[in-house]
Amino acid sequence: MPMMQNVKNTIAQVVKEMIFPHYCCSCGRIGSILCKGCEYDIVCDRENICLVCKQLTIAKCLCSRCPASYTRAFVVSARNGAVAQLIDQFKFYRARDAALPLADLLVATIGQLPPETVIVPVPTIAPHIRQRGYDHTVLLARRIAQANGVCYTPLLRRRRNSRQRGSSRSQRQIQAQSAFVAKGKCVPDVPYLIIDDIATTGSTLEYAARALYGAGATEVWVAVVAVQPLD
Ligand SMILES: [Zn+2]
Ligand SMILES: [Zn+2]
């Protein structure tokens, strides 16, 4: 039966693409929502950007001016151009198909992960999952784990439903401090890689990382598709 279901899903996808073909959101070429050529260009143009101050950093997106508890950070790009369009489609226009190119941009940026790495999505608040019909960070995290052949574990949960969009910078930072709790214990000496789509102040990732350290992790990394440029 699962095989039959897969065949049905594939046929449905092919039919959907015949009726509503995708165009590359960067160059306009027909075929996919982001063509491989444009994906390659985005990854090649990648710069190391600090999640907090958005300034360029020397290496690994870690910044000497902005101390963080995570020990590695991966950023695909600033939120602009094709990356911004893809994220907006994915988050606000129910374009579930954007998960694949966005995850692939992260996979190319992150490179090969140690086989013991655990991939952890930043948990999305429930009303946003209901609105979209999918959990966008789960889709990204699952795909990244699958591409690397490593473990996916949704270890974090939100302590309460605190909406972040529209809040001021200081409000966001206060909300983030108490936002996350680990659902279980972490294993020491294993890298935990937290996945999110956008870093606005960097505080969500910082407090998500602290929740994992609190549960016993000794090494926490973070990866985001885009950093929101400062206003
Ligand atoms: Zn293209
Ligand atoms: Zn910085």
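Here is what the cut-offs are and how they apply
- Each residue is numbered by its place in its chain's sequence as written, counting from 1.
- Each chain takes a letter, starting from A, and each ligand takes a number, starting from 1, following the order in which they are written.
- Restriction of local features to residues with pLDDT of at least 70 applies here, the model being predicted, together with a cutoff of 80 or more for giving and counting side-chain atom pairs; totals for whole chains, interfaces and linings are based on all residues.
- Secondary structure is summarised from DSSP: a helix means a run of H or I of at least four residues, a strand means a run of E of at least two, and numbering begins at the N terminus for each.
- Counting other C-beta atoms within 10 Å of each residue's C-beta, where C-beta atoms are placed from the backbone, gives the exposure class: buried for 20 or more, exposed for 12 or fewer, partly exposed between.
- Whether two residues are in contact depends on their C-beta atoms, placed from the backbone: they are in contact if these lie within 7 Å.
- Here, a strand pair is defined by DSSP locating no fewer than two bridges between the strands.
- Lines fitted to C-alpha atoms define the axes here, with helix axes fitted over just the stretch in contact, and angles between the N-to-C directions of these axes take values from 0 to 180 degrees.
- Each angle is binned into one of four classes, with values under 35 degrees roughly parallel, values over 145 roughly antiparallel, values of 65 to 115 roughly perpendicular, and all other values oblique.
- Should the near helix be turned anticlockwise from the far one by less than a right angle, the crossing is termed left-handed; should it be turned clockwise, right-handed.
- Each residue receives one of three labels: charged for Asp, Glu, Lys and Arg, nonpolar for Ala, Val, Leu, Ile, Met, Phe, Trp, Tyr, Cys and Pro, and polar for the others, Gly being one of them.

### Concerning the overall build of the protein chain
Phase 1: For the protein chain, the count of helices and strands is eight helices and seven strands.
Phase 2: Expressed as a percentage of the 231 residues in the protein chain, the buried residues total 36%.
Phase 3: A separation of at least 24 residues holds for 69% of the contacts in the protein chain among residues at least 6 apart in sequence.

### Brief notes about the pairing of strand β2 (residues 118-121)
Phase 1: Burial along β2 is two-sided: V118 and V120 facing one way and I119 and P121 facing the other are all buried.
Phase 2: Strand direction decides the pairing type here: β2 and strand β3 (residues 151-152), joined by two bridges, are parallel. Paired with I119 across the bridge in β3 is Y152.
Phase 3: As paired strands, β2 and strand β6 (residues 191-199) are joined by four bridges and run parallel to one another. Counterpart to P121 in the pairing with β6 is I195.

### Points about the packing of helix α3 (residues 81-92) against helix α4 (residues 99-110)
Phase 1: Packing of α3 against α4 leaves a shortest axis separation of 9 Å and a crossing angle of 130 degrees. Classified by the angle between their axes, α3 and α4 sit oblique to one another. The two elements α3 and α4 cross, and the hand of that crossing is left-handed. For the pair formed by α3 and α4, the contact residues are L86, I87 and F90 on the first element and A99, P101 and L102 on the second.
Phase 2: Taken together, the residues that form the contact of α3 with α4 break down as six nonpolar, no polar and no charged.

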